[in-house]
Amino acid sequence: MASAVTETHENAQGPTVPIIPAVPCADPQGDPFLRTRFALPARPATFLRRQRLVDHLDQARGTPLTLVNGAAGAGKTLLAADWAAGLPPPVAWLTVEVGDRRPGVFWAYVLQALRTCGAPASDAVGVPADATGVDQRLLATLAAELNDRDQPVILVLDEYDRVTDPEITEQLGFVLHHAGRGLRLVLATRTEPLLPLHRYRAAGELTEIRAAELAFTPEEAVALLELHGLSLPVHAAGALVDRTRGWAAGLRLSALAALESADPELYLKEFEADRSTVADFLLAEVLKGQPEETQGLLLRVSVLERFCPDLANALTLRTDAGPILAGLHRDNAFVEHLGHSWYQLHPLFGEILRAHLRERLPGLDPELHRRAARWLRRSGFLPETLAHGATAGDWDFTAGALVDDLAIGQLFTGLGSGDLTELFSPMGPEARSPAADLVRAARDLSWYDLDRGLARLRHAEEQLADDAREPAAARLSCALLEALAARLTGCTPRAERAAERADELRQEVPAHLLDKHPELTALLLTHLGSARLWAGRFEDARAALTAAAGAPGGASTVLPREDSMEHLALLDYLNGWPGRAERKALAAVPEAERAGLPRPSASGIGQLVLAAVAVDRHELARAHALLDETARLPSGTRDPVMAAGRALATARLLLVRGKARAAVEAADPAVAAAVASPWAAGYEALVASAAHLAEGRPDEAVEVLQGVSGDQPACAVEAAAIHVAAGRAGAAIDLLDSIRTGGRAGPAVTVRAALVRAQAAEQAGDTATARKLVAHALLDARRERLRRPFLDAGAWIRPLLATPPLHELAADWLTPGLPRHGEQPRPKSSLSPPLVAVELSGRERDVLERLARMMSTEEVAADLYVSVNTVKTHLKSVYRKLAVNRRGDAVRRARDLRLL
């Protein structure tokens, strides 16, 4: 037994403090030691050992200092206890309490913890006799004795965040430093200790496990729930982990509550955090322990998805948010740092605080959202401005923010347009500003509701005319909607006026807004180009559409760039360039796919172009499938160009299938347009004429074609073919001679023109000229795989194609090829059916060709600039069409069919 004689020594602070060398049974205040504070906490039956954390914590045996830092309920204590239970002695455990804030009490408990684990300090160390201080000699002697140990002591201090006296931390750092290899200190804490962590970290002497690592993964959550008797698939557990951020206490409390529910899986998916035991835990452990001003700040910022000090100050009407938020984050008080002084609340904590706000400060919500919206607008955060303005119900402000930012085009541009439309859907008649009417008009026009959209646009324009103070951005937004309305009503002059007005207003709008919203200019040019295309002004349309297609990249312009590219594809088709048209239509697809837009995402014109090209190539199943894809698009009934394109492709397919009357009905676009479209009218007349001819009425067929002129080369050559088939060869040649192509007519025009002249020559008895013209037509058509002109030509061409020179030109793509070596000669036919038993799309052919080059699926996707899933979809279609199941078989079958 150590002597009970008391010694006195000089304290580091000046006065003498008694040291009692006897083994004490009480702390310096005379209170008995609480033995439960030295015992490892019991692990419940539902405790889940996570080996990855145990393995990481094992590194603590090799570093002087280990920090397990996380929020309340993060699982720090149970992790440390489970790990410590598996270690060989000596392992000292001390659960720190509030009374340990005084140095003497703290060190008395540390020394008692060492005794309890079998590593007592000698009598030379002594024990503190004064709760308020501890002798420096005690600390030095303790450090020296620990340094002399052969086997280090592991000391775990749980709940270390309760130590708030910097003197204790300084003393602990002193002992840790001088104990050398004899001490391994593990701190489980909610807050950052004041120890010089950076030095330990730089020296490689610190093991850290922080909140992100303590969070449960979906797989761990599944295992934890199973221990509670709940079975949940990983994807559902992932949603729960997202909501709780993998917070251990949140998962456990939710699991316990779910056990009392009739449908545990539904409860875990939809439980209301503010009415659960999670709320009780967070309110008791986090909120109620904060000062009143901190509670007020937390309640007010709960209406925000993210916040910075200045924004928080705008809501609290104070100026102290900066240090408060930094302290809350440092203390792991469920305030997460996003970087650059921005924070967010833990999702569950945010839910609970919002409910608590409604109880403690009823009616404050709208005002908080209004304050947030105004600060966010001044700071340039438009999406959040709109969200908070809408939540506050301040629709004039919210619509004004959208319009003044020149962002009204975002109601039309893809992924975010649906969110914006939904955001403004509750806007009622109480919003009467010009901006509110512009938003309503944009929403209606995006739904192709022309009557309501135009009425609201007129009202907005009248208000703007009465108030010259309205910013130019509102007038430029008007010009955009005017251009869209002009496109949808087929009114080219109106579109031109809108474009001219937009050019003037751009000079008045701040340049940074135009740079910020390139979608506005891209949309304007696309609408202008579409209106010009409808009017048959092909070159003017091409200029506007090319400019739109070349707009700056990014998600905001994906849709107008795709739309303009599809219009350019239609232009190429109407000028007789099916190959170019197909390439442009396909080129519009990859970027939209990468942006996550649905297919077809723009107007659907590209699909119609591909369908029309498929008809010209006699790929009828593909044409039918493509037309089906566009049948559900709302734009097909109100956009004149879309409607005419659909009428054209559908009618041509029906004609090929012998359904002349149905083709005539389908050829009418059935849209009310302010200006007639020459090419739409021309193709409608061609279908009606072809139907008359098919039903044996050649005179009526010719009469319908009176309005078709050489100004529309593609229509003119088909009209000439009907003339010559009706026995009007002279009229056919005159019509061909009137065509003005300007060097721009493509093979679909030249092939048909050559066949018309060849038929006229054949009728005149000039077979040699006819043969030469057919040869030229075959050469031009083979590159584009244009089969329809020859199939539509009639019986006169069959004998010519049977002659050796022409038969070779037609072989393998229009007629069967010559027999291979050793094969029996095929029976001659005046014109065998084209090889269309297997109809592959252009993109399917692209994929198949790359398969033949032994490219992997990923390499094919990269080479074609499409997703791997898109390549797999094409592969499935190719396998189905070729009746094979493997890549090698597909290549061999394609070669047998001369597809490669």
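Residues numbered from 1 in each chain as written. Predicted model: local features only at pLDDT ≥ 70, side-chain atom pairs only at ≥ 80, totals over all residues. Heavy atoms only, no water.

Undergrad: Looking at this structure, I do not really get the overall build of the protein chain. What am I missing?
TA: Looking only at helices and strands, one finds 48 helices and 10 strands in the protein chain. The C-alpha radius of gyration of the protein chain comes to 40 Å, more than 25% above the 29 Å expected for a compact globule of 900 residues. Dimensions of the protein chain along its principal axes, counting C-alpha atoms only, are 140 × 85 × 50 Å. Buried residues in the protein chain amount to 56% of all 900 residues. (Helix = DSSP H or I, 4+ residues; strand = E, 2+ residues; numbered from the N terminus. Rg over C-alpha atoms; globule rule 2.2 N^0.38 Å. Buried < 20%, exposed > 50% of the residue type's maximum accessible area, 1.4 Å probe, protein only.)

Undergrad: Explain the side chain of T77 to me, please; I cannot follow it from the model alone.
TA: Among the structural elements, T77 can be located in helix α2 (residues 76–85). Side-chain polar atoms of T77 contact the side chain of D158, separated by 2.9 Å. Sequence-distant contacts of T77, defined by excluding residues within four places in its chain, comprise P41, W93, D158 and E159. (Polar contact = N/O pair within 3.5 Å; in protein donor to acceptor, adjacent residues only side chain to side chain. Contact = heavy atoms within 4.5 Å.)

Undergrad: Could you clarify how one ought to interpret the pattern of salt bridges in this entry?
TA: Should their charged atoms come close, side chains of opposite charge can pair. Overall, the coordinates contain 45 salt bridges when judged by the stated rule. Salt-bridge contacts for R377 lead to D404; the nearest nitrogen and oxygen are separated by 2.7 Å. You can see R377 sitting in helix α17 (residues 365–379) and its partner D404 sitting in helix α19 (residues 395–404), a full 27 residues away along the chain. R752 is paired through a salt bridge with D616; the nearest N and O atoms lie 3.8 Å apart. With R752 in helix α40 (residues 747–763) and D616 in helix α31 (residues 605–616), this pair connects stretches of sequence that are 136 residues apart. Taking relative accessible area as the criterion, R752 reaches 11% and is therefore assigned buried. Among the residues examined, D616 registers a relative accessible area of 2% and is labelled buried. (Salt bridge = Lys/Arg side-chain N within 4 Å of Asp/Glu carboxyl O.)

Undergrad: For this particular structure, what's the right way to read the confidence of the model for the protein chain?
TA: Any residue range with low pLDDT should be treated as having predicted coordinates unsuitable for detailed reading. Averaged over every residue, the pLDDT of the protein chain is 87; the share at 70 or more is 91%. Residue range residues 1–22 is modelled with pLDDT below 50. Its contacts to residues more than four positions away, or to other chains, number 42 contacts. Low confidence marks residues 817–837, where pLDDT is under 50. Its contacts with residues over four positions away, or in another chain, come to 42 contacts. (pLDDT = per-residue confidence, 0-100.)

Undergrad: So what exactly am I meant to see when it comes to helix α14 (residues 309–316) here?
TA: Side chains three or four residues apart in an α-helix point the same way, a direct result of the helix having 3.6 residues per turn. Counting buried positions over the 8 residues of α14 gives 7, a clear majority of the element. Residues P309, L311, A312, N313, A314, L315 and T316 constitute the buried set of α14. Directly beyond the C-terminal end of α14, a positive phi value near 60° is found at L317.

Undergrad: Where do I start with the packing of aromatic side chains in this structure?
TA: To describe a pair of aromatic rings, one takes the distance between the centres and the angle between the planes. Counted by the stated rule, this structure contains 14 aromatic pairs. Measuring from centroid to centroid gives 5.4 Å for W342 and F381, while their planes differ by 75°, and the two rings are edge-to-face. One end of the pair, W342, is in strand β10 (residues 342–345); the other, F381, is in the loop between α17 and α18 (382–392), and 39 residues separate them in sequence. Among the residues examined, W342 registers a relative accessible area of 12% and is labelled buried. Measuring from centroid to centroid gives 6.3 Å for W534 and W679, while their planes differ by 80°, and the two rings are edge-to-face. Residue W534 is located in helix α26 (residues 518–534), and its partner W679 is located in helix α36 (residues 678–694); the two are separated by 145 residues in the primary sequence. When sorted by exposure, W534 lands in the same class as W679, which is buried. A connected cluster of aromatic rings, assembled from ring pairs, spans W247, F281, F334 and F349. Its guanidinium or amino end placed over the ring of F216, R50 lies 3.7 Å from that ring's centre, counting from NZ or CZ. One residue, R374, lies across the ring of F397, its end atom 4.4 Å from the ring centre. (Phe/Tyr/Trp six-rings, centres within 6.5 Å; stacked < 30°, edge-to-face > 60°. Lys NZ or Arg CZ within 6 Å of the ring centre and 35° of its normal.)

Undergrad: Sorry, what's going on with the sheet that holds strand β8 (residues 206–209) here?
TA: Strand-to-strand pairing in sheets goes through backbone hydrogen bonds, with the strands running parallel or antiparallel. An order of β4-β6-β7-β3-β8 is seen for the 5 strands of this open sheet, with the pairing classed as parallel. On the outer flanks of this sheet lie β4 (91–95) and β8, each paired with one strand and no other. The average angle at which neighbouring strand axes cross in this sheet is 15°, direction not considered. Both β4 and strand β6 (residues 153–158) contribute to a ladder of 5 bridges, which runs parallel. In the sheet register, L94 faces β6, and the bridge partner there is L157. (Pairing = 2+ DSSP bridges. Axes fitted to C-alpha atoms, helices over the stretch in contact; angles between N-to-C directions.)

Undergrad: Looking at this structure, how should I read the pairing of β6?
TA: Along β6, 6 of the 6 residues are buried, which leaves the element largely enclosed by surrounding structure. Sheet topology places β6 next to strand β7 (residues 183–189); 6 bridges connect them, and they run parallel. Within β7, the residue paired with L155 across the bridge is L185. Crossover handedness for the path β6 to helix α5 (residues 166–179) to β7: right-handed. (Right-handed = clockwise from strand over helix to strand, strands pointing away.)

Undergrad: What's the story with the pairing of β4 in this structure? I'm lost.
TA: Successive residues of a regular strand alternate their side chains across the two faces of the sheet. In terms of burial, β4 is a largely internal element, 5 of the 5 residues being buried. Alternating positions in β4 separate into two faces, V91, W93 and T95 on one and A92 and L94 on the other, with burial throughout.

Undergrad: Please clarify how the packing of helix α13 (residues 292–301) against helix α15 (residues 321–330) should be interpreted in this entry.
TA: Packing of α13 against α15 brings their axes to within 11 Å, and their N-to-C directions diverge by 85°. What the angle tells us is that α13 and α15 run roughly perpendicular. On α15, the residues touching E293, T294, L297 and L298 of α13 are A321, I324, L325 and L328. (Parallel < 35°, antiparallel > 145°, perpendicular 65-115°, else oblique.)

Undergrad: Is there a simple way to think about unusual backbone geometry in this case?
TA: Trans is the common state for peptide bonds, and a negative phi is the common state for residues other than glycine. Between P89 and P90 the backbone carries a cis peptide bond, its omega angle lying at 5°. Inspection of the secondary structure assignment puts P90 in the loop between α2 and β4. A positive phi angle, close to 60°, is found at H618, a residue other than glycine. Structurally, the position occupied by H618 is in the loop between α31 and α32 (620–630). Looking at H618, the relative accessible area reads 14%, which means it is buried. One non-glycine residue, R785, lies in the positive phi region at around 55°. Residue placement: R785 occurs in the loop between α41 (767–784) and α42 (788–793).

Undergrad: How should the environment of P347 be read in this particular structure?
TA: Tracing the chain through its elements places P347 in helix α16 (residues 347–360). For P347, a relative accessible area of 23% corresponds to the partly exposed category. Between the C-alpha atoms of P347 and E305, which are 42 residues apart in sequence, the distance is 9.2 Å. Residue contacts for P347: discarding those within four places in its chain leaves D242, R243, R245 and E336.

Undergrad: Sorry, what's going on with the packing of α26 against helix α28 (residues 558–574) here?
TA: The relative placement of two packed helices comes down to the angle between their axes together with the axis-to-axis distance. Where α26 meets α28, the closest approach of the two axes is 9 Å, and the angle between their N-to-C directions is 20°. In terms of axis orientation, α26 runs roughly parallel to α28. Relative to α28, α26 is oriented so that their crossing is left-handed. In this structure, α26 contributes A522, L523, T526, S530 and L533 to the contact, and α28 contributes P560, D563, S564, H567, L570, L571 and L574. Considered class by class, the residues forming the contact of α26 with α28 number 7 nonpolar, 4 polar and 1 charged. (Left-handed = near helix turned anticlockwise from the far one by under 90°. Nonpolar A, V, L, I, M, F, W, Y, C, P; charged D, E, K, R; others polar.)

Undergrad: Which parts of the structure should I look at to understand helix α20 (residues 417–424)?
TA: Those residues of α20 that fall on the buried side of the exposure criterion are S417, L420, T421 and F424. Looking straight down α20, one finds that the buried residues subtend no more than 100° of arc, so they occupy a single side. Residues of α20 that are exposed and angled more than 90 degrees away from the buried face: D419 and E422. Along its buried surface, α20 packs onto α18, α19 and α21 (434–446). (Arc of directions from axis to C-beta.)

Undergrad: Would you explain the side chain of T294 in this entry?
TA: Along the chain, the position of T294 falls in helix α13. Overall, the relative accessible area of 6% leaves T294 in the buried class. Those residues in contact with T294, other than ones at most four positions away along the chain, are I324 and L328.

Undergrad: Is there a simple way to explain the environment of A129 in this structure?
TA: Note that A129 resides in the loop between β5 (127–128) and α4 (136–147). The spatial distance from the C-alpha of A129 to the C-alpha of G30 is 9.3 Å, given a sequence separation of 99 residues.

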